[in-house]
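Structural characterization, general
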Amino acid sequence: MPASFLRRACAALALALAVLPLAASAQPVRVGSKIDTEGSLLGQLIIQALNAGGIETVNRLQLGPTQIVRAALIAGEIDLYPEYTGNGAFFFGEEKDPVWKNARAGWERVKTLDARKNHLVWLDPAPADNTWAIAVRRDVAAAHKLASLRDLARYLAAGGQFKLAASAEFVERPDALPAFERAYGFKLRADQVLALAGGDTAVTIKAAAQHTSGVNAAMAYGTDGPLAALGLVLLADPLAVQPVYAPAPVVRAEVLARLPRIRELLAPVFARLDTTTLQRLNAQIALEGHDARRVAADFLRTAGK
């Protein structure tokens, strides 16, 4: 074999080997989210922060409810999406473990479990708590002195008129409505629940505000913005039934190893998302009608100043 041919072959091989890592790192990150308002907002924040940092993305936002989006991540159909630490209790069958009631401990726990079992990495969480809750119309709360779920149980036991708008996930998941029912000693009948498609609390809150089909209460989240403006109040959970639901980006370990800058690009964004901030941003989408893309862009622009 001529020496010149061997040199050309070696050079070609060296070039190919050098290009491989670049090609791998150039693969876009497929970003998903849940179907609700906050899922779209957090997903847009992730996409825009990564794009601004030079990482190409594919928009797979509002993919579906929790089970659908998480299954897609585990199967490698998406690479990254925003999840909530408290859902770790449900994912790993640890609903009775008090660790999930502590923000830091819950994050550490789900981070360890998901890394070990699914090769997923939980990045730094936001300081917000988007826990599940029940909200009632302000007029109902005032008339019947409803400030907590304990008050609601008393009201229901006395035959009070009540109808809850909620997603099927909230009604069926053992750590959601059934957990409230067990803790406070009430049980809603089928005719006291209006199950709505998807998991968007903007829809359930609107149904309660407009008294749709007799609805006077709604599944809600701690970071929902439109509650007060639409005349609803959150019922306190004095028994701390719900875990802390801190939003955090969850990424496949393989993708993070290929693009480690994902961590540093998203950390400062999520660090700014306390409960009050998320309520404000969610209200801009659900109440004022702004597009999630615009709300995310405005937040990132002002946060960078």
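Being a predicted model, the structure only gives us computed values, none of them experimental. (Residues numbered from 1 in each chain as written. Predicted model: local features only at pLDDT ≥ 70, side-chain atom pairs only at ≥ 80, totals over all residues. Heavy atoms only, no water.)

Close inspection of predicted coordinates is inappropriate in any region flagged by low pLDDT. Averaged over every residue, the pLDDT of the chain is 91; the share at 70 or more is 91%. Below a pLDDT of 50 lies the segment residues 9-24, which in the model reaches one contact outside its immediate sequence neighbourhood of four places, other chains included. (pLDDT = per-residue confidence, 0-100. Contact = heavy atoms within 4.5 Å.)

Once that is clear, we can look at the environment of Asn102. Positionally, Asn102 belongs in the loop between α4 (87-91) and α5 (103-118). According to the relative accessible area criterion, Asn102 is partly exposed, its value standing at 40%. As a C-alpha pair, Asn102 and Gln48 span 54 residues in sequence and 30 Å in three-dimensional space. At 3.2 Å, the side chain of Asn102 forms a polar contact with the backbone nitrogen of Arg104. (Helix = DSSP H or I, 4+ residues; strand = E, 2+ residues; numbered from the N terminus. Buried < 20%, exposed > 50% of the residue type's maximum accessible area, 1.4 Å probe, protein only. Polar contact = N/O pair within 3.5 Å; in protein donor to acceptor, adjacent residues only side chain to side chain.)

Here we take up the packing of helix α13 (residues 275-286) against helix α14 (residues 292-303). For the pair α13 and α14, interaxial distance at closest approach is 9 Å and the crossing angle is 140°. At the point where α13 passes α14, the crossing takes the right-handed sense. Between α13 and α14, the residues in contact are Thr277, Leu281, Gln284 and Ile285 and Ala292, Val295 and Phe299, respectively. (Axes fitted to C-alpha atoms, helices over the stretch in contact; angles between N-to-C directions. Left-handed = near helix turned anticlockwise from the far one by under 90°.)

What follows concerns the packing of aromatic side chains. In the structure shown here, the tally under the stated rule is five aromatic pairs. Summarising the aromatic geometry, the rings of Phe90 and Phe91 are spaced 6.4 Å apart at their centres and angled 55° between planes, so their arrangement reads as tilted. Relative accessible area serves as the criterion here: at 23%, Phe90 is assigned to the partly exposed category. Taking relative accessible area as the criterion, Phe91 reaches 18% and is therefore assigned buried. Their ring planes at 25° and their centres at 6.4 Å tell us that Trp132 and Tyr221 sit as a pair that is stacked. Of this pair, Trp132 sits in strand β5 (residues 132-137) while Tyr221 is found in strand β8 (residues 217-221), placing the two residues 89 residues apart along the sequence. Like Trp132, the residue Tyr221 is buried in the burial classification. Three or more aromatic residues joined by ring pairs form one cluster here, namely Trp132, Phe170, Phe180, Tyr221 and Tyr245. Over the face of the ring belonging to Phe91 we find Arg70, whose NZ or CZ atom lies 3.9 Å from the ring centre. One cation-aromatic arrangement involves Arg173 over Phe90; the distance from NZ or CZ to the ring centre is 4.0 Å. (Phe/Tyr/Trp six-rings, centres within 6.5 Å; stacked < 30°, edge-to-face > 60°. Lys NZ or Arg CZ within 6 Å of the ring centre and 35° of its normal.)

In this structure, Leu50, Phe162, Phe170 and Ile262 are the most contacted members of the largest nonpolar core, which totals 64 residues. Ranked by the residues each element gives to this core, the list is headed by helix α2 (residues 37-52), at seven residues. Setting aside residues up to four positions removed in sequence, Phe170 forms contacts with Trp132, Ala133, Ile134, Leu164, Ala176, Leu177, Pro178, Phe180 and Met219. Listed in part, the 17 residues of the second largest apolar core include Val69, Val99, Trp100 and Leu120. (Core = buried A, V, L, I, M, F, W, Y, C linked by side-chain atoms within 4.5 Å.)

Strands sit in the order β7-β6-β8-β5-β9 across an open sheet of five strands; the sheet is mixed. The strands lining the two open edges of the sheet, one partner per strand, are β7 (193-196) and β9 (232-234). The sheet shows a mean angle of 35° between the axes of neighbouring strands, direction not considered. Where β5 meets β9, three bridges bridge the pair, whose relative direction is antiparallel. Looking at β9, one finds that Ala135 is bridged to Leu234. In the packing of helix α10 (residues 201-209) onto the sheet, the strands contacted are β5, β6 (164-167), β7, β8 and β9, and the crossing angle to β8 comes to about 150°. (Pairing = 2+ DSSP bridges.)

What follows concerns the packing of α2 against α14. The N-to-C vectors of α2 and α14 enclose an angle of 55°; their axes lie 8 Å apart at closest approach. Put simply, α2 runs oblique to α14. The two elements α2 and α14 cross, and the hand of that crossing is right-handed. Counting all contacts with α2, which are made through Ser40, Leu41, Gln44, Leu45, Gln48 and Ala49, the residues of α14 involved are Ala292, Arg293, Val295, Ala296, Ala297, Phe299 and Leu300. The residue makeup of the contact of α2 with α14, split by class, is nine nonpolar, three polar and one charged. (Parallel < 35°, antiparallel > 145°, perpendicular 65-115°, else oblique. Nonpolar A, V, L, I, M, F, W, Y, C, P; charged D, E, K, R; others polar.)

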